Amino acid sequence: MSVIGIDTSNYTTSIACFDGKSGVNCSKLLPVKQGELGLRQSDAVFAHIKSLPELSGRLFSDLQMEHIAAVGVSTRPRAVEGSYMPCFMVGYSHAKLIADMMKVPLVEVSHQQGHVAASLWSAGHLELMDEPHLAWHLSGGTTELLLVEPEGKNVRCTRIGGTTDISAGQLIDRTGQLLELPFPSGKHIDALSANAQMKDTFQVKCHGLEFSLSGVQNKVQQFHDKHGAAEETAAFALRCVAGAVCKATENARKVYPGMAVVFSGGVASNSMLRRLAAQFDPIFSQPQFSTDNAMGVAVLAHRALEE
C-alpha cells in the first residue's frame, strides 16, 4: 500500500510517494531573482502550477498506480485558526484531482505537521509521533518551539516559544542578500561559515522560551562593515541564531524534563546548529528532509489510512 503526498510551500514544489517504510520525494525550488528575498504569492502560485505536472510525471513514471491507496496534501501553514497561504491551494487542487480520479481518500494536513513527520521518519524515530515531545520548526517563515502531542495518527503542535519577530530563516536570507548569495541562502551561508576562523558572536537575550532576532540583523551588518570577510559574517550570523535556539532549548528542558527534542525545517539542516545543539541529545532529520518536502505529508497520509 502506497500513498502520494503533495506540498506547495512558498519555497518549494514537492510531491512524494511513501509505502510505510521507504519513499521517494521529487521537489523543485521556486525561482527567485538574484538579490530578492522570496516571491509574491501570485508568483509562487504560478511557479507551482508550472512545476507540479513535471514533478508528478517524474514520480508517476515509476509507480504502479493501482497500489496507491490515498493522497495527502498540506493545505495551510499551521493547523490553527486563520492559517492560510494561497500557494497551498495549488497543491490541494492537484491532490484533489488525483484522489477523485483514482477514487481514493484525500488526507489534509498542515505544512508544519508535515515537517515534524518528515523529521521523525528520516531520523528513524516515528515512534515519537505517539509520544509528547518538543520540536523546533526553523524555516524561512517560522521559528517556533512546539509542544508536539499525538492526535489520532497525526500530531497537535502547540507553540510554546521561539522568535517574537523575524524568523531564523529570514535573518539568514538577509545575511545572504548582504553577501550577494542566491536565495534561499541557507546552504550557501553554511558552506561559507565552514571556513571561518573568528569566534565573535552577539548573545541574543532569551526571555524564558522566547527571543528576538530583529536586532541581530543590525549586528550582522555592523560586523560585516568592520571585518568584510564573507565567511566570517556568515559564521557570525549562524552563531547568533544557534545561540538563541540553544538557550531557549536549555530553558525548555527545565520546563519539560525528559522530553526528546526534534529539529525540523530548512534551518535545521545547518551544520553549526547541529554541532552546538548536540548537548541536548537532539533528533535531527536527514538534511534533504529538513527543507520543505512532501515526504512528511505522505507519511501522515499513510498513518491516516492505518487509523
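Structural notes, computed from the coordinates. (Residues numbered from 1 in each chain as written. Predicted model: local features only at pLDDT ≥ 70, side-chain atom pairs only at ≥ 80, totals over all residues. Heavy atoms only, no water.)

1. Focus on the pattern of salt bridges
Once the charged atoms of two side chains with opposite charge are near each other, the side chains can pair. The criterion, for reference: A carboxyl oxygen of Asp or Glu within 4 Å of a side-chain nitrogen of Lys or Arg is what we treat as a salt bridge.
As enumerated under the stated definition, the model contains 10 salt bridges in all. Three or more residues joined by partner-sharing salt bridges are found here, namely Lys28, Glu54 and Arg58.

2. Describing the packing of helix α1 (residues 41–60) against helix α2 (residues 87–102)
Defined as follows: Each axis is a line fitted through C-alpha atoms, and for a helix only the stretch in contact is used; angles between axes span 0 to 180 degrees, taken between their N-to-C directions. What counts as a helix is a DSSP run of H or I of at least four residues, what counts as a strand is a run of E of at least two, and both are numbered from the N terminus. For any pair of crossing helices, the crossing counts as left-handed if the nearer helix is rotated counterclockwise from the farther one by less than a right angle, and right-handed if it is rotated clockwise. Residue contacts are counted whenever heavy atoms from the two residues lie within 4.5 Å of one another. In the scheme used here, Gly and all other residues not listed as nonpolar or charged are polar, with Ala, Val, Leu, Ile, Met, Phe, Trp, Tyr, Cys and Pro taken as nonpolar and Asp, Glu, Lys and Arg as charged.
For the pair α1 and α2, the least separation of the axes is 8 Å and the interaxial angle reads 35°. The two elements α1 and α2 meet at a crossing, and its hand is right-handed. Across from Gln41, Ala44, Val45, His48, Ile49, Leu52, Pro53, Ser56 and Phe60 in α1, the residues of α2 making contact are Cys87, Val90, Gly91, His94 and Ile98. When grouped by side-chain class, the residues that make up the contact of α1 with α2 number 9 nonpolar, 5 polar and no charged.

3. Regarding the nonpolar core
Most often, soluble globular proteins keep nonpolar side chains buried together rather than apart. Condition: In this description, a nonpolar core means a group of buried Ala, Val, Leu, Ile, Met, Phe, Trp, Tyr and Cys residues linked to one another through side-chain atoms lying within 4.5 Å. Between buried and exposed lies partly exposed: a residue is buried under 20% and exposed over 50% of the maximum accessible area for its type, with that area taken using a 1.4 Å probe on protein chains only.
Among the nonpolar cores identified, the biggest contains 44 residues, and Trp136, Phe211, Leu213, Val245 and Phe263 are the most heavily contacted of them. Core analysis: the second largest hydrophobic core is formed by 27 residues, Ala16, Val107, Val109 and Leu146 among them.

4. Quick word on α2
Worth spelling out the cut-off: The span expected for a helix works out to 1.5 Å for each residue beyond the first. Note: the arc covers the axis-to-C-beta directions of the helix.
With 16 residues, α2 extends 24 Å between its outermost C-alpha atoms, agreeing within 8% with the 22 Å of an ideal straight helix rising 1.5 Å per residue. Along α2, the residues classified as buried are Cys87, Phe88, Val90, Gly91, His94, Ala95, Ile98, Ala99 and Met102. Along α2, the residues classed as buried sweep out an arc of 155° about the axis, all on the same side. Exposed residues on α2 whose side chains face more than 90 degrees from its buried face are Leu97 and Met101. After α2 finishes, the residue Lys103 shows a positive phi value of roughly 60°.

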